[in-house]
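Fold and geometry: a report
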Amino acid sequence: MASSFYIVNHHFKPGMAAKWWGKTGALMSDEAAFAENIKLTMEKGFFNHSFMPMAAEGPIYCVWEAKEGISDSEFQDFIDGPDAVSYTHLRAHETGRNL
């Protein structure tokens, strides 16, 4: 079995875009903190290959990879975790063998 790839379509909850961009901008501008965030996310079994915001208010499209053995529902739980500020929709799911 191969890892799974997901295309995620994020739509911000009303009034949450500015808060999210502020938090994300601060994280991404701190090289050490951003590297640590990537490391922790990878330790959970996830990696974001592509981050594609269409506008400040969204939507944002991302291409995520989940390691072998992680179910679709586990991935959805990760994406919609306690800090989620967006509505997310999994638009496609393909295994590495099919990409």
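Each chain has its residues counted from 1, running along the sequence as written. Restriction of local features to residues with pLDDT of at least 70 applies here, the model being predicted, together with a cutoff of 80 or more for giving and counting side-chain atom pairs; totals for whole chains, interfaces and linings are based on all residues. Where side-chain values are given, they derive from all heavy atoms of the structure, hydrogens and water being excluded.

So, the packing of helix α1 (residues 17-29) against helix α2 (residues 31-43)
The description of two helices packed together rests on the angle between their axes and the distance between the axes. As a reminder, the rule being used: The angle between two axes is taken between their N-to-C directions and runs from 0 to 180 degrees, where each axis is a line fitted to C-alpha atoms and a helix contributes only its stretch in contact. For helices the rule is a DSSP run of H or I covering at least 4 residues; for strands it is a run of E covering at least 2, with both sets numbered from the N terminus onward. Angle categories: roughly parallel below 35 degrees, roughly antiparallel above 145, roughly perpendicular from 65 to 115, and oblique for all the rest. Two residues qualify as a contact provided that any one of their heavy atoms is within 4.5 Å of a heavy atom in the partner residue. Here the term charged refers only to Asp, Glu, Lys and Arg, the term nonpolar to Ala, Val, Leu, Ile, Met, Phe, Trp, Tyr, Cys and Pro, and the term polar to all other amino acids, Gly among them.
Here α1 crosses α2 at 105 degrees, and the two axes come no closer than 5 Å. The angle between the axes of α1 and α2 places the two elements in the roughly perpendicular class. In this structure, α1 contributes Leu27, Met28 and Ser29 to the contact, and α2 contributes Glu31, Ala33, Phe34 and Asn37. Along the lines of polarity and charge, the residues of the contact of α1 with α2 split into four nonpolar, two polar and one charged.

A short note on the environment of His10
Test applied: Note on classification: 1.4 Å probe, protein chains only; a residue is buried when its accessible area is under 20% of the maximum for its type, exposed when over 50%, partly exposed between these limits.
By the secondary structure assignment, His10 is in strand β1 (residues 4-12). By relative accessible area, His10 is classed as buried at 15%. Taking C-alpha positions, His10 is 6.2 Å from Tyr61, a pair spaced 51 residues apart along the chain.

Spatial relationships are all this shows, so hold off on functional conclusions.
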